[in-house]
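Each chain, letter by letter, is given below.
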Amino acid sequence: MRGRYGYKPTPPAIGGSEAIGVVEAVGPDVDSASSGQRVAAAGVHGTWAEYFLAPVPDAIPDEVVAQLIAMPLSALMLLELLNIKPGQWIAQNTANGAVGKTLAMLAGARGLHALNLLRRDEAV
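Residues numbered from 1 in each chain as written. Predicted model: local features only at pLDDT ≥ 70, side-chain atom pairs only at ≥ 80, totals over all residues. Heavy atoms only, no water.

**Brief notes about the side chain of arginine 38**
Threshold: In this text, helices come from DSSP runs of H or I with a minimum length of four residues, and strands from runs of E with a minimum of two, each type numbered from the N-terminal end. The definition of a polar contact used here is a pair of N or O atoms within 3.5 Å, where within protein one atom must be able to donate a hydrogen and the other to accept one, and adjacent residues in sequence count solely through side-chain atom pairs.
With respect to the helices, strands and loops of the structure, arginine 38 is situated in strand E2 (residues 38-42). Looking at arginine 38, its side chain comes within polar contact range of the main-chain oxygen of isoleucine 60, at 2.5 Å. A polar side-chain atom of arginine 38 sits 2.7 Å from a polar atom in the side chain of aspartate 62.

This is how it looks when you write it as structure tokens:
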């Protein structure tokens, strides 16, 4: 809502850029989704709403689907932006969040060293 994600809506506005839900009904000309199908959306505006559309497999838990697009992409883009080379180090705070966990996995796969800082012992 503050415009920190490259888009500042005009108030009153609906926030959110990611969503997950279940298809309740489809119109007569719709053939790409069916009632009861789980769906997700990202990169759209106003997702804190009642209706959106994008298919998702049932095997993926809701809490994972809700983070599928923006969180891993944020971690990947961070590593790309910093242009860290194999053998170099990256330090990150609050590494137990979705972006932090993904960044740590990507760093390891790329031969980078990660110093992952946490705020609570139980987050280790």
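**Regarding helix H3 (residues 98-109)**
Note the cut-off: Here, expected helix span is obtained from the residue count minus one, scaled by 1.5 Å. Burial classification: accessible surface area is computed with a 1.4 Å probe over protein chains only, and a residue below 20% of its type maximum counts as buried, one above 50% as exposed, and the rest as partly exposed. An arc is given here, and it is the one of the directions from the helix axis to the C-beta atoms. Contact criterion: two residues are considered in contact whenever any of their non-hydrogen atoms come within 4.5 Å of each other.
For H3, built from 12 residues, the straight-helix expectation of 16 Å at 1.5 Å per residue is met to within 8% by its first-to-last C-alpha distance of 17 Å. Turning to H3, its buried residues number three or more, namely Gly100, Thr102, Leu103 and Ala107. The arc enclosing the buried residues of H3, seen along the axis, measures out at 165°, which places them on a common side. Of the exposed residues in H3, those oriented more than 90 degrees away from the buried face are Met105, Gly108 and Ala109. Buried-residue contacts for H3 involve helix H2 (70-82), strand E3 (89-92) and strand E4 (113-116). Directly beyond the C-terminal end of H3, a positive phi value near 75° is found at glycine 111.

**Looking at the packing of H2 against H3**
Put simply, the rule is: Whenever a helix is involved, its axis is fitted only over the stretch in contact; in every case the axis is a line through C-alpha atoms, and angles between N-to-C directions fall within 0 to 180 degrees. Throughout, the term roughly parallel applies to angles under 35 degrees, roughly antiparallel to angles over 145, roughly perpendicular to angles from 65 to 115, and oblique to all others. For any helix crossing, the convention is left-handed if the near helix is rotated counterclockwise from the far helix by under a right angle, and right-handed if that rotation is clockwise. Each residue gets one label: Ala, Val, Leu, Ile, Met, Phe, Trp, Tyr, Cys and Pro are nonpolar, Asp, Glu, Lys and Arg are charged, and the others, such as Gly, are polar.
The geometry of H2 relative to H3 is characterised by a closest axis approach of 8 Å and an angle of 50° between their N-to-C directions. When the interaxial angle is binned, H2 and H3 end up oblique. As for how H2 packs across H3, the hand of that crossing is right-handed. Touching Met71, Pro72, Ser74, Ala75, Leu76, Leu78 and Leu79 of H2 are Ala98, Val99, Thr102, Leu103, Leu106 and Ala107, all from H3. Its residues assigned to classes, the contact of H2 with H3 shows 11 nonpolar, two polar and no charged.

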